[in-house]
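# Summary of the model geometry
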Amino acid sequence: MNRHPAIFTIPPHIAFVDALARGLLDRVGGDPLALARAHILLPNRRATRALTQAFVRLAGGGGLLLPRMTPVGDLGDDSFDRFANGDNALPPAVAPLRRRLELGRLVRALPASGAARSAVEALRLGDELGATLDTLLAEEIAPDRLTNVVEDGDLAEHWQATLKFLDIVIRQWPPTRDAIGGDGGTRVAALIDALVARWREAPPPGLVVAAGITGSSPPLVRLLGAVLALPQGMIVLPGLDTDTSEAGEARWAAIRCAAQDEESPPRDSEEHPQHALKRLLAQLRLDRSDARDWGVSTPYDGPAARTALVQAAMAPADAADGWHAGIEGDTAMPGVAAIEAATPAEEAQVIALALRRALNEPGQTAALVTPDRNLARRVAAHCRRWGIAVDDSAGTPLRLVPPGALALALVEAMAQGFAPVALLAVLKHPLAATGDGRGLWLAAARRLDRQLRGVRPLPGLEMIAERIDSETVEQLRRARRNAADAAALAGIAEQGAALAAWWGDASHALMPLAQIADARETDLATLATALRETGTALAGDRLWAGSDGRALAGLIEKLEADGAVFGRFAIDDAPGLIAALLSDVAVRAPWGGHPRLSILGPLEAQLQRADVMILGGLNEGTWPGRPAPDPWLAPAIRNKLHLPGLARATGLAAHDFVGGLAAKQVLITRARRDASAPLVPSRFWLRLQAFTGGIAGDDALLGLARRLDGHGQPQPAPPPSPAPPAATRPRALWVTEVDTLVIDPFAYYAKVMLGLRLLDPIDQDPTAATRGTRIHEVLEDWVGRGHGSLEQLCQLAEAMLDTEGKQFPLLRALWAPRARRALIWAGEQILVAEADGWTQMTAEAGGTLPLNNGITIQGRADRVDRDGEGRLAVIDYKTGRAPSAKMVKSGKANQLGLLIAMAAAGVLRGKSGAVADGNPASIAYWQLPGGNKAGKLIDALKGNPPLTAADHAEIVLAEVEALTDRMLLGDAPFPAKNVPALAWGDYDHLARVAEWLNRPVKKP
């Protein structure tokens, strides 16, 4: 090694790549061939791109022969491979996906403690195992050290079992790795050693510069040491703290590294932004006094005074007592602003406005740096509102772009047995049936949507076909009941046949996945083949077009080739497994975005500089991220092996943060809370605020963000009161609609006159109304058969429960006891009524009653009874809450009063043809909860003053005539919510009740 090593540093406030390019030009004396012979080693691809752009800026439009630039920080990078493996002596590296699946297979072989390990969990643990292997290989830890590093009693039992498994994996992995190619850590080390040996034999004639590299693994240290040993080799470090004042020396001494201490360094040291640089210098057996200033400034530099302030603010705890020691003047940081937004959405709006504002200054550049990918995507979306495309260096996960979303939707539909919600997500996807037939395809998919509403059909494509046929039959039945003409019936039948034919084609496209679903188990190769066939049948070549389609095609191709390695797994694991694989593939735009704006992750932002740097997402857990515990190496093992601690990532994040703070103008942002809880400010944010006494805010920018999408206070809409002409109003209404007309006329208007109906949810579980209908059907069937004995009623109940339980076993288990108790109670009441002389005349009796003003009332009674004296009783079954007697008498529950009046008039006719006629005697609700109290008989006319059924029927008829005179024959408006205290209705959102009534919105 040179006596005076050629090691330099570029201070944080100096634009690194521009200073590096300028310094290299100065050192070659303007000789273009000397620059072309130079070789620059950089940490990653993004750094090579940034340095290239810096040379272009320096050239100023003229010609320039660029040096060779090679990224070495990206393990297994192709360009470094080609550079170092000149004689092709080493085998190619293991494909990353193949390695990932092989390690996942090894994890699946590990016996699980407790519940069986899912395929997704095995893949995740395989990823963690790969990271652990990389760490061990990078640090060149021999496998036998794992078994000897701790005594048996030093570890908990589960760690000892994990360590034994890890030892087996490390010993078994090399043969597997060698059979399929080289591995990341060992292969890069071999490449570096081969390169170093070649340099010893024939040193390169030109300049060799390792710039911006801060890694300190043994192979990288050997590479950097070899660079220093070259005649024209040099190292350029980014942002080394060279402050030699008393405070600066104290800060440097407080940073302790494993190379200096027997034990691992304290966490406070690892979290310091200078820890990685000090560790690297220690590995090179150098001190910071050996590093000289690069001696170059650029037009893009930030203020030098801020560097000292930031370094003092980030001092280790041991050296923070004299925080402001050596700092002359004010500790404020001009050019740095801080904004605390209320939510992440508001933070994204602020950042987008800051980027947009930078474009107002000619030539000014701006960059958002954040590890929060959700924040980055939000900012990019805001910028697109103004027609500005911003390049996000991290790209978009394949799972979030249309081809990946369709692939995941297909797997979800398969795993759920093609349940309606998952199936419709596939059929309505923008890529499905693209082209001239897209409109017809969507129309058919929307008709299928309507037919799949309600209770979920049984799993399988054939069950969807059965639902289509049954819904067509039901539509024809309703049309015939409403006396539809032949043309209407033919149209319904034709539409049903067309939908069935369309579904035949769609289900044929889905058949490859349906065959896998029937098997209930598969492997990744088989699943990938089925995805390829189904995706092509549904979307054609459009699925594989563009950068996103090519990314999906590449993943499918790799899974078909290597997916079987992972082994077979249950179908239920398929969605999570495919989602994890899709999420790890980044899709990047084929061309860049705006030339002056960019969105970068902290890693991509290293060594780069913009005029305005926006550091976003400064909350704990985001920047810095929360250290993830290593599931394979216990902390005690990591300490004794002198592996980098989990806090090392925090130190690297701190170094990135300090570098971002050195720009000319800096904006740091955070959100105070997200959708779930308040957020904790980043420790970096708190340090700056505490050191400076509070960084100035940008109230103008925050205020603009809040005004952009908010146009002052919203003005509540007045309650609606539509008043259509009397000639357009109905002349007939059902007894159940009378109460709606009384309580909420607007709801009647929306439902009856506008024809608006609340659609059943898709994939609906059986509702209380459905369960009530089943109870009604059982009682109707029993009564219609002459009821017989309670044993026969129980048989009918069990038949109904068996039918419902085939599709909803949980419903049967929970509801069956209640249903049995309720039905038996109702049967006993019927038998008791018979013993008292009451005869069941008819069940489900319906009819119409013309009023004196010409309005017709229609209704259907659950049951009508008559005694030997000709007295009539109307009974209504309620599995839910029944109206109280107070509501009945006050005119808010008129159904039974109208039905008893219709029975007295002799217009109610049952299915058997029996006519209910006689004198009104009573009306009652039978409440059938089936719980602790199996049932309850509610006399609807009880209380004071006494009221007979005949009098009540007469009163109700008179009130309904007056109501219909005003509301249906007259021109009175239909106001919303005459009785606001009642429960939320299906039409209240249309009437904007919560807005004008000033009460919180409730779900239906």
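See the structure above.
The present account deals with the structure reproduced in this document. (Residues numbered from 1 in each chain as written. Predicted model: local features only at pLDDT ≥ 70, side-chain atom pairs only at ≥ 80, totals over all residues. Heavy atoms only, no water.)

### A look at a nonpolar patch on the surface
Residues L754, L756 and L990 make up a contiguous nonpolar surface patch of roughly 240 Å² in combined accessible area. Locating L754 in the fold gives a position in the loop between α31 (745–753) and α32 (768–784). Looking at L754, the relative accessible area reads 46%, which means it is partly exposed. (Patch = residues over 30% accessible without salt bridge, like charges linked within 9 Å, V, L, I, M, F, W, Y side chains within 5 Å. Areas by Shrake-Rupley, 256 points an atom, 1.4 Å probe, with all protein chains shown as cover. Salt bridge = Lys/Arg side-chain N within 4 Å of Asp/Glu carboxyl O. Helix = DSSP H or I, 4+ residues; strand = E, 2+ residues; numbered from the N terminus. Buried < 20%, exposed > 50% of the residue type's maximum accessible area, 1.4 Å probe, protein only.)

### Some words on helix α14 (residues 304–313)
Buried residues dominate α14, accounting for 7 of its 10 residues. Restricting attention to buried positions, one finds in α14 the residues R306, T307, L309, V310, Q311, A312 and A313. Residues of α14 that are buried in the fold lie against α11 (246–254), β7 (336–341), α27 (648–660), β16 (665–671) and α28 (683–692). (Contact = heavy atoms within 4.5 Å.)

### Details of the packing of helix α19 (residues 438–451) against helix α21 (residues 486–519)
Running from amino to carboxyl end, α19 crosses α21 at an angle of 105°, the nearest separation of the two axes being 10 Å. When the interaxial angle is binned, α19 and α21 end up roughly perpendicular. The residues of α21 that touch α19, namely those facing W441, A444, A445, R447, L448 and Q451, are L499, W502, W503 and A506. (Axes fitted to C-alpha atoms, helices over the stretch in contact; angles between N-to-C directions. Parallel < 35°, antiparallel > 145°, perpendicular 65-115°, else oblique.)

### Considerations on the nonpolar core
L448, W502 and W503 are the most contacted members of the largest nonpolar core, which has 86 residues in total. Among the elements that take part in this core, α21 stands out by supplying 10 residues, more than any other. In terms of nonpolar packing, the next biggest core, distinct from the first, is built from 49 residues, L741, A861, A893 and A953 among them. (Core = buried A, V, L, I, M, F, W, Y, C linked by side-chain atoms within 4.5 Å.)

### Remarks on the side chain of S682
Turning to its location among the elements, S682 is positioned in the loop between β16 and α28. For S682, the side chain forms a polar contact with the main-chain oxygen of W623, separated by 2.7 Å. Discounting residues that sit within four places of it in the chain, S682 has contacts with L618, N619, E620, W623 and P624. (Polar contact = N/O pair within 3.5 Å; in protein donor to acceptor, adjacent residues only side chain to side chain.)

### Observations regarding the sheet that holds strand β5 (residues 233–238)
Overall, parallel pairing links the 6 strands, which are arranged β3-β2-β4-β5-β1-β6 in an open sheet. Of all strands in the sheet, those with a lone pairing partner are β3 (68–71) and β6 (292–293), marking the two edges. Where strand β1 (residues 7–10) meets β6, 2 bridges bridge the pair, whose relative direction is parallel. The residue of β6 that forms the bridge with T9 is D293. (Pairing = 2+ DSSP bridges.)

### Some points on the environment of G295
Looking at the secondary structure, you find G295 in the loop between β6 and α14. Judged by its relative accessible area of 62%, G295 falls in the exposed class. Placed 276 residues apart in sequence, G295 and A19 show a C-alpha to C-alpha distance of 8.6 Å.

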